[in-house]
Amino acid sequence: MVKEKQTRTYDRDGYRRRAACLCVRSADESEILLVTSSRMTDHWIVPGGGVEPNEDASEAAIRETEEEAGVRGVIKRCLGDFEVCDEKRERKHRTSVYVLQVGEELTEWEDCKARLRRWFPLEEALRLLAVHKP
């Protein structure tokens, strides 16, 4: 599945603006929902993507999470902004990350044919995420 080209937005420091959600099922946050990467289907990632023009980062995080993971919920808090600077590939982005308390899991969503989603215990999710994005 190929998505339409999004208009990329950049902050004043030249970083591409992104947003993502750490999806939790319960208040104790002992499980995290991950999705498979669309490019590397054996890698598990946190759902997220680009912030569109005139879109707030929290709105983008909610939108991207529904598109990629097929869940809806309520943002509980912002964990902060995380920067990645890959000088070899001349890419740098700053991602605003939120904790989203999942209230609904959709049976069909935009990326349901391109991605798997699965709940992992927190420790296992951290191990899987560290494999390719330390």
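**Looking at the overall build of the protein**
Then step 1. If you tally the helices and strands in the protein, you get two helices and seven strands.
Then step 2. The order of α-helices and β-strands along the protein, N terminus first, is β-β-β-β-α-β-β-β-α.
Then step 3. Here the C-alpha radius of gyration of the protein, 14 Å, is about what a compact globule of 134 residues would show, namely 14 Å.
Then step 4. Its C-alpha atoms give the protein principal-axis dimensions of about 35 × 30 × 30 Å.
Then step 5. Residues classed as buried in the protein amount to 42% of the 134 residues present.
Then step 6. Considering only intrachain contacts with a sequence separation of at least 6, the fraction spanning at least 24 residues in the protein is 70%.

**A word on the packing of aromatic side chains**
Then step 1. Within this structure, the stated rule accounts for one aromatic pair.
Then step 2. Consider the rings of Trp44 and Phe120, whose centres lie 5.0 Å apart with planes at 75°: the pair is edge-to-face. Here Phe120 lies in strand β7 (residues 117-121) and Trp44 lies in strand β3 (residues 44-45), a separation of 76 residues in the sequence. Both residues of the pair, Trp44 and Phe120, count as buried.
Then step 3. The ring of Tyr15 has Lys92 lying over it, and the distance from NZ or CZ to the ring centre is 4.7 Å.
Then step 4. The positively charged end of Arg94 is found above the aromatic ring belonging to Tyr15, 4.1 Å away from the centroid.

**Section: helix α2 (residues 122-130)**
Then step 1. Of all the positions in α2, only Ala125, Leu128 and Leu129 are classed as buried. The arc that holds every buried residue of α2, seen down its axis, measures 100°, which confines them to one face. Opposite the buried face of α2, by more than 90 degrees, sit the exposed residues Glu123 and Leu126.
Then step 2. Next to the buried residues of α2 lie β2 (31-36), β3 and β7.

**Describing the side chain of Arg115**
Then step 1. Along the chain, the position of Arg115 falls in the loop between β6 (91-105) and β7.
Then step 2. A distance of 3.4 Å separates a polar atom in the side chain of Arg115 from a polar atom in the side chain of Glu68.
Then step 3. Residues contacting Arg115, with those up to four places away along its chain left out, are Val35, Thr36, Ser37, Ser38, Ile45, Glu68 and Trp109.

**Here we look at the environment of Glu68**
Then step 1. Here Glu68 is to be found in helix α1 (residues 57-69).
Then step 2. Once the C-alpha coordinates of Glu68 and Arg115 are considered, the two residues, 47 residues apart in sequence, prove to be 7.3 Å apart.
Then step 3. In terms of polar contacts, Glu68 uses its side chain to reach the backbone amide nitrogen of Gly48, at 3.1 Å.

Cut-off values and rules
- Residues numbered from 1 in each chain as written.
- Predicted model: local features only at pLDDT ≥ 70, side-chain atom pairs only at ≥ 80, totals over all residues.
- Heavy atoms only, no water.
- Helix = DSSP H or I, 4+ residues; strand = E, 2+ residues; numbered from the N terminus.
- Rg over C-alpha atoms; globule rule 2.2 N^0.38 Å.
- Buried < 20%, exposed > 50% of the residue type's maximum accessible area, 1.4 Å probe, protein only.
- Contact = heavy atoms within 4.5 Å.
- Phe/Tyr/Trp six-rings, centres within 6.5 Å; stacked < 30°, edge-to-face > 60°.
- Lys NZ or Arg CZ within 6 Å of the ring centre and 35° of its normal.
- Arc of directions from axis to C-beta.
- Polar contact = N/O pair within 3.5 Å; in protein donor to acceptor, adjacent residues only side chain to side chain.

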